[in-house]
Amino acid sequence: MKDGGGFLNGVQVFQSNVAFGFITVIDVPDLDPQFIRLPYTTSVTEHSSVVDSIFQVLAIDQDTGINDHITYSIESATVSRAVALFRISENDGAIFVNTDIDREVVGDVVTLRVKAMETTLNIHGVQASAFAEVRITIEDINDKYPEFYMCGDSAESECIRADNFTGEVFEHSLGNVPINMTVRDMDKGKNAEIKLSIDGVYKEVFAVGPSLAFSESVVQLMVKNTQELDFEKTKEMVIQVIAEDVQDSTLRSTATVTIKVKDINDNNPKFPQESYSISVKEHSPNGTVVAANITAEDPDTMDEGKLLYRLLPDTMRKYFDVYPDTGVVYVANSRLIDREVTSLYSATLLARDTDNKTGSTVLEITLTDINDNRPEINRNPYLEFVKEGENVDLKIQATDDDEQGTENSQIVFGIVLSEYSHLFTIDPDTGVLTNRTQLDREDLDPELEGKIELNVTATDKGTDPHPLSTWVTVIIQVDDVNDNTPRFTKPSYKFSVKEGMKGDVGSVHAVDLDQTSDFNRISFSIINGSSRSFIIRTYPEEGGYRGNISVDPDIELDYESAHKNFTMWVEAADLELKSSMVVVEVEVLDVNDERPVFLPMEVVVVVDENSTITGAVGCFMAEDRDGNHSLVYEMESTQCRCNNTLSPCNWFLLEKTGEVIVNPNVTVDYELCVQVIMKAQVVDVNTEKGANNSAVSGEMVINIVDINDNVPEFIVPDSVFVVVSESASKATSVASVKATDRDSGIHQQITFEVTSVQFHDSNNQTNDKGILFEAVRAPQENEIYIAVIQSLEELDTNLKGKYLVNVTATDTGGLSTTTVLEIFTVDQSYKIELRFDSPVEEVNKNKNEIIRVLTFATKAAVQVMKIRPDTETEESRAEKDTIMELYCVYSNGTALPPDDLEKMLSAEHIAVLRQLGLIDIGTVAVEEPKENPLTFVLVGLVGGCIIVLAVLTTSLLCTRRNYRRKLKAAKAMNTVAMTVTENQTNGPVVPGTNKYKANPVLNLNIDTATDLGFDEENSNADKVSLNSLDYNIDMSEKDSPLTMIIQEEDEDHEEPGYIEPLGAALAQRGAKKGSGKTHVAFDNPAFSGSTTDL
């Protein structure tokens, strides 16, 4: 180290010095980790356990002194699936088998790429790492079965695993059978040596090669027994080729080989029989098949369906012929094959295959007879007469010309179905016709006049080609006899007739089923029961006779007489006096002249309010003594009972049927009206004579049932709730709430709960206070539910403001509403003590009257906290005086000071309180006012003085008003100027204001409107001018004249209104010495409307 040089003794000299430094190089992590003991090779046996480690790699940190922790992982492998086969310990590099390893799937060798990575970042901000390869050899075990494969034709084709193979070979041939079979054993070395063999039913027909194979070999199948290889015996042979592991015989596989034997033409056509006997009906139509199933068989497949047929000799072909392809023999000429000419034919049927090999059989064809003649009836028509009730016995005769003794000549008789065929039967063999039941002329259609026509058939039994028949008409004439009695069409008759009515009453009807006029004519007569009041006349009509019953012209029916109902017997008789009778009832009807009458209501109708029922809720019922009445109901009036007063309403409608329904256009409300009274009229629209409506109206009472459809409603309290020190303790009642529910019964019941409590302080800040209060049920007043709000813990009496208590009222149906109670905090200094000269019991008795007088005088809510005996002095204890402690609180939360109470009590109020025992308010004794005779004189003098003073006062006030304000300010300035504190700044500060526009008296922010314009930066000249007024100001605690004037001007016996803060502050200084309390009660409009801590 050398300096810049300089002159020394006139010579330029360079000063220098030598120092030795030692530098230690500290290693940093800048090198990758390094694997040691490379290369890594190991082996593992396939299917090894996953428990033991198979190898371990090791890497070190090349940075000196660092020795960072190294973690290991497998990044990749040469075989894609090998990564999942192994796992490596992250901490020590030990490699384990992770899952089962199959060498035949994975391969012989797996190379893993292992990563070693430091856990701490190097100087480059990354984790240093290194890679190494681990070569793992998979050692084989003999665990694979030999398996068969089917390979493609080309070398590139893939082989697929198969258990079923097929091959084809011609019958009786030698050589190999191609089956495309390869056998493999996936093991290595001697574990892959395979032994091949054959098993199955046809194992003696074939041989397999090679018998021994190594790893993989093509399997060849060879025929060794050609005689058994016969297509006509076996078309398909199935054998099993077995591949067995030489080292372990339990490792074996079986493949099924299906060999299809191919046919060659080595057989002649052959018929199943040497001859056939067949038959065919004579005159069968051309083409009729004679023999359809006579065909030759040739087992050679090339001849299947290819045989050709021919019928010999050729002369036979004019009668019969054969289809060459099918061998079906058919009729060639229907006319020539006649059984009566030739009944038997013989022919040869020849079959030839594709190699002209032939075979034949003999056909014997017999012709059979057919039914070709109809039966013949020897008479047409048949006519038979019989009276009704007699029997029919008629024989029908017929013949058939077909060969006798056969079914073609046997005849069967029958009756063709017709309207009356069911009345008869015929013997099918003999042809005798008889009736089934007794014949009745009246069962026949009268238009037939007793004639029945039947069609009788004669049919042979031939079935070839079908039965032949013929028919003949048989007429049966049934003659009529008088065998029926007249009968009425109804079992009885019932008629009605109005009293006084003439003419027909009704008709009876009767018939006689006899079909001739000699037997079916009827006449009617009244046998008895008519009391000679009715007559009957007979008239013929279609299908019978009618008897008209009418009132005798000489008789007039009277409903009021004894005969209101007639029961008559009417007879119907024919000419031979066969007769029957019927009962005829005639009712004499009254004329409709009765008025309907309402039936009394058995039950009171009830309907739920808000009901939307569409059906009837009730029904008017009436009766009418007239039988043919038709009643219609009409509304007369509907009135609702609301607050015990009936007034018209339209909640319900009346249907014409008398049903009462809810008016869908209005709402039924129990809270409005509890009952509906409906009056209605009923009218008989069928009235013939007289009034048609009811004489008395019907009335229905409908009671409305209350449901829970109204939420509880809080009653606004008429008092102010406050918290004072006496009520700040736990479980003290501080307020009450009242609520009602317009519902009734159980729906009207209400429970109260305090849900939240907040406090609004004098700084206009609101804070949550938790649940400080609880709602306790109080006795119910009629239908008003009351809860007392009690404190759950002792309240902080230092808080200034009001509690906002959220109270929820809930009815039994879950409907609820919430109100917020304002509970003001009032300082104990506002407590007023009234002393009474009566005992506690007497004061308690007069408590309400005392509160009434005080409330009327102060216009404030009077809260009585305690009534106790006065035990402070022996004199009061001896006289048994009583102290009443109370607060007078206004609706805005302000309280009345004790000293102001006396000022607000008039002479009348004091007189009333004196009568109730009041002797003192606080420490000031109350003197009873006395009447002075000079009062009236003084009043006159004062009146005159007032007139004079009024003039003087007016002028004085005009000049003093501004002076007074300044005087107050001056006094305040002087007061402040004489008071020195550590925190006081230079310059006077006026009470009620300060530099920060705040009111230090109440510790509240004030509006700038109350700023008097003073500032701490006033000039000294102002201060000197103010001090010049000092001679008028007495700084002692005694009341000065000025203070008294201000105090007198500021007194107001009404509720405190706005008082200027400056005046209040000055008046405060005039309070009595030794009072110990500061009494201030006024409202300042500059304060927040929520301020309540005065």
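The present account deals with the structure reproduced in this document.

## Looking at the overall build of the protein chain
Piece 1. Scanning the protein chain from N- to C-terminus turns up 11 helices and 71 strands.
Piece 2. A buried classification covers 39% of the 1094 residues belonging to the protein chain.
Piece 3. Within the protein chain, counting contacts between residues at least 6 apart in sequence, those at least 24 apart form 66% of the total.
Piece 4. Carbon and sulfur atoms make up 50% of the accessible area of the protein chain, which amounts to about 61700 Å² in all.

## What about the state of the cysteines?
By definition, a disulfide links the sulfur atoms of two cysteine residues through a covalent bond.
Piece 1. On inspection of all chains with the given rule, the structure shows three disulfides.
Piece 2. Put simply, Cys151 and Cys159 are joined by a disulfide, and their sulfur atoms are 1.8 Å apart. With the S-S dihedral at roughly 110°, the linkage between Cys151 and Cys159 falls on the right-handed side.
Piece 3. Bridging Cys642 to Cys673, the disulfide has an S-S length of 1.6 Å. Taking the sign of the S-S torsion, about 75° here, the bridge from Cys642 to Cys673 comes out right-handed.

## Describing the environment of Asp429
Piece 1. Position of Asp429 relative to the elements: it lies in the loop between strand 34 (424–426) and strand 35 (432–435).
Piece 2. The class for Asp429 is exposed, based on a relative accessible area of 57%.
Piece 3. C-alpha of Asp429 to C-alpha of Gly414: the two residues are 15 residues apart in sequence and 9.4 Å apart in space.

## Digging into the sheet that holds strand 4 (residues 40–45)
Piece 1. Read from one edge of the open sheet, four strands run 4-11-10-7, paired in mixed fashion. The sheet terminates laterally at strand 4 and strand 7 (70–77), the two strands that pair on one side only. Sheet twist, expressed as the mean angle between neighbouring strand axes with direction ignored, is 35°.
Piece 2. Two strands pair when backbone bridges link them, and strand 10 (residues 109–121) and strand 11 (residues 127–139) are joined in this way by 10 bridges, in the antiparallel orientation. Bridged to Arg113 within strand 11 is Glu133.

## Quick look at the pattern of salt bridges
Piece 1. The final tally for this structure, using the stated rule, is 24 salt bridges.
Piece 2. One salt bridge connects Asp140 with Arg103, and the closest N-O pair in it is separated by 3.1 Å. Linking Asp140 in the loop between strand 11 and strand 12 (147–151) with Arg103 in helix 1 (residues 103–106), this pair joins segments that are 37 residues apart in sequence.
Piece 3. The buried category is assigned to Arg103, whose relative accessible area is 5%.
Piece 4. Notably, a salt bridge pairs Arg835 with Asp920, separated by 3.0 Å at the nearest N-O pair. Of the two residues, Arg835 sits in strand 65 (residues 832–836) while Asp920 sits in strand 68 (residues 918–921), which places them 85 residues apart along the sequence.
Piece 5. When its relative accessible area of 8% is taken as the criterion, Asp920 is described as buried.

## What to know about the sheet that holds strand 18 (residues 212–214)
Piece 1. The strand order across the open sheet built from five strands is 14-21-20-16-18, with neighbouring strands paired in mixed fashion. Each having just a single partner strand, strand 14 (164–170) and strand 18 make up the two edges of the open sheet. With strand direction ignored, the average angle separating the axes of adjacent strands in the sheet is 30°.

## Points about the nonpolar core
Piece 1. Grouped together as the largest cluster of nonpolar side chains are 28 residues, with contacts concentrated most on Met181, Phe206, Leu221 and Val257.
Piece 2. Where this core is concerned, the elements lending two or more residues are strand 14, strand 15 (175–184), strand 16 (193–199), strand 17 (206–209), strand 19 (216–223), strand 20 (236–245) and strand 21 (252–262).
Piece 3. When residues no more than four places from it in sequence are discounted, the contact partners of Leu221 are Gly175, Asn176, Val177, Ile179, Ile198, Phe206, Ala207, Ile239, Val257 and Ile259.
Piece 4. If you look at the next biggest cluster of nonpolar residues, it comprises 27 residues, including Leu85, Val97, Ala130 and Val134.

## As for the pairing of strand 44 (residues 565–573)
Piece 1. Across five bridges, the pairing between strand 41 (residues 523–528) and strand 44 is antiparallel. Along strand 44, the bridge assignment pairs Ser525 with Glu571.
Piece 2. The pairing of strand 44 with strand 45 (residues 579–589) spans nine bridges and is classified as antiparallel. Looking across to strand 45, one finds that Ala572 is bridged to Ser580.
Piece 3. Joining the antiparallel neighbours strand 44 and strand 45 is a turn of five residues, in which Leu577 adopts a positive phi near 65°.

## Side note on the pairing of strand 61 (residues 773–781)
Piece 1. Alignment of strand 61 against strand 62 (residues 784–791), held across seven bridges, turns out to be antiparallel. Following the sheet pairing, Ala778 is matched in strand 62 by Ile786.
Piece 2. With antiparallel pairing between neighbouring strands as the criterion, strand 61 and strand 62 make up a hairpin whose turn holds two residues, including Asn782 at a positive phi of roughly 55°.

## Points about the packing of helix 4 (residues 847–858) against helix 7 (residues 907–915)
Piece 1. Between helix 4 and helix 7, the shortest axis-to-axis distance is 10 Å and the interhelical angle comes to 170°. Regarding the angle of helix 4 to helix 7, the classification is roughly antiparallel. Note on element contacts: helix 7 touches helix 4 through His909, Val912 and Leu913, opposite Glu849, Ile850, Val853, Leu854, Phe856 and Ala857.
Piece 2. Tallied by class, residues from the contact of helix 4 with helix 7 come to seven nonpolar, one polar and one charged.

## What to know about the side chain of Ser217
Piece 1. Note that Ser217 resides in strand 19.
Piece 2. In this structure Ser217 touches Met181, Thr182, Val183 and Pro210, once residues within four positions along its chain are discounted.

## Describing helix 7
Piece 1. Among the residues making up helix 7, those that are buried are His909, Ile910 and Leu913. The arc that holds every buried residue of helix 7, seen down its axis, measures 95°, which confines them to one face. Exposed positions of helix 7 whose direction lies more than 90 degrees from the buried face are Glu908 and Gln915.
Piece 2. Of the surrounding secondary structure, the elements contacted by the buried residues of helix 7 are helix 4, helix 6 (898–904) and strand 68.
Piece 3. Phi for Gly917, located one or two positions after helix 7, is positive at around 105°.

## Describing the environment of Val820
Piece 1. Inspection of the secondary structure assignment puts Val820 in strand 64 (residues 816–825).
Piece 2. Through-space distance from the C-alpha of Val820 to that of Leu804 is 6.1 Å; in sequence the pair is 16 residues apart.

## Details of helix 4
Piece 1. The terminal C-alpha atoms of helix 4 lie 16 Å apart, and with 12 residues this matches the ideal 16 Å at 1.5 Å per residue to within 8%.
Piece 2. Those residues of helix 4 that are buried are in contact with strand 65, helix 3 (840–845), strand 66 (861–869), strand 67 (882–889), helix 6 and helix 7.

## Description of a nonpolar patch on the surface
Piece 1. Together, Leu938, Leu941, Val942 and Ile946 give the surface a local cluster of nonpolar side chains, amounting to about 380 Å² of exposed area.
Piece 2. If you trace the backbone, Val942 turns up in helix 8 (residues 935–977).
Piece 3. Of the residues examined, Val942 reaches a relative accessible area of 45% and is grouped as partly exposed.

## Observations concerning unusual backbone geometry
Piece 1. For the bond from Leu38 to Pro39, the omega torsion is -5°, close enough to zero to count as cis.
Piece 2. Relative to the helices and strands, Pro39 resides in the loop between strand 3 (34–35) and strand 4.
Piece 3. In this structure, the amide linkage connecting Leu312 to the following residue, Pro313, adopts the cis form with an omega of -5°.
Piece 4. Inspection of the secondary structure assignment puts Pro313 in the loop between strand 24 (308–312) and strand 25 (320–322).
Piece 5. One non-glycine residue with positive phi stands out, namely Ser215, at about 70°.
Piece 6. One can find Ser215 in the loop between strand 18 and strand 19.
Piece 7. One non-glycine residue, Lys859, lies in positive phi territory at about 60°.
Piece 8. In this fold, Lys859 is placed in the loop between helix 4 and strand 66.

## Thoughts on the environment of Asp185
Piece 1. Take Asp185: it is sitting in the loop between strand 15 and strand 16.
Piece 2. Sequence separation between Asp185 and Glu216 is 31 residues, and the spatial gap between their C-alpha atoms is 6.5 Å.
Piece 3. Sequence-distant contacts of Asp185, defined by excluding residues within four places in its chain, comprise Lys144, Pro146, Asn191, Ala192, Ile194, Ser215 and Asp245.
Piece 4. Polar side-chain contacts of Asp185 include one of 3.1 Å to the backbone nitrogen of Asp187.

Cut-offs and rules
- Counting restarts for each chain, with residues numbered from 1 along the sequence as it is written.
- Given that this is a predicted model, residues contribute local features only at a pLDDT of at least 70 and side-chain atom pairs are listed and counted only at 80 or more, while totals for whole chains, interfaces and linings are drawn from all residues.
- Only hydrogens and water are set aside when side-chain values are computed; all heavy atoms of the structure are taken into account.
- The secondary structure listing takes helices from DSSP runs of H or I that are at least 4 residues long and strands from runs of E that are at least 2 residues long, numbered from the N terminus.
- Three exposure classes are used, based on accessible area relative to the maximum for each residue type with a 1.4 Å probe and protein chains only: buried under 20%, partly exposed in between, and exposed over 50%.
- Note on definitions: a residue-residue contact is assigned when non-hydrogen atoms from the two residues lie within 4.5 Å.
- Here the open area of atoms and residues is found with the Shrake-Rupley method and a 1.4 Å probe, where only the protein chains shown may cover a residue.
- Two cysteine sulfur atoms make up a disulfide if the distance between them is within 2.5 Å.
- At least two DSSP bridges between two strands are needed for those strands to be called paired.
- The convention used is that axes are lines fitted to C-alpha atoms, helices contributing only their stretch in contact, and that angles between N-to-C directions extend from 0 to 180 degrees.
- When a carboxyl oxygen of Asp or Glu lies within 4 Å of a side-chain nitrogen of Lys or Arg, that pair is called a salt bridge.
- Nonpolar cores are built from buried Ala, Val, Leu, Ile, Met, Phe, Trp, Tyr and Cys residues. Side-chain atoms within 4.5 Å join them into one set.
- Under this scheme an angle from 65 to 115 degrees is roughly perpendicular, one under 35 degrees roughly parallel, and one over 145 degrees roughly antiparallel; angles in between are oblique.
- Ten residue types, Ala, Val, Leu, Ile, Met, Phe, Trp, Tyr, Cys and Pro, are classed as nonpolar, four, Asp, Glu, Lys and Arg, as charged, and the remainder, Gly among them, as polar.
- Each direction from the helix axis to a C-beta atom contributes to the arc, which is the arc of those directions.
- Any helix carries an expected span of 1.5 Å times its number of residues minus one.
- Like charges are joined within 9 Å and nonpolar side chains (Val, Leu, Ile, Met, Phe, Trp, Tyr) within 5 Å, but only among residues with over 30% relative accessible area and no salt bridge; these make up the patches.
- Under the rule applied, a polar contact is a pair of N or O atoms within 3.5 Å (in protein, one hydrogen donor and one hydrogen acceptor; residues adjacent in sequence only if both atoms are side-chain atoms).

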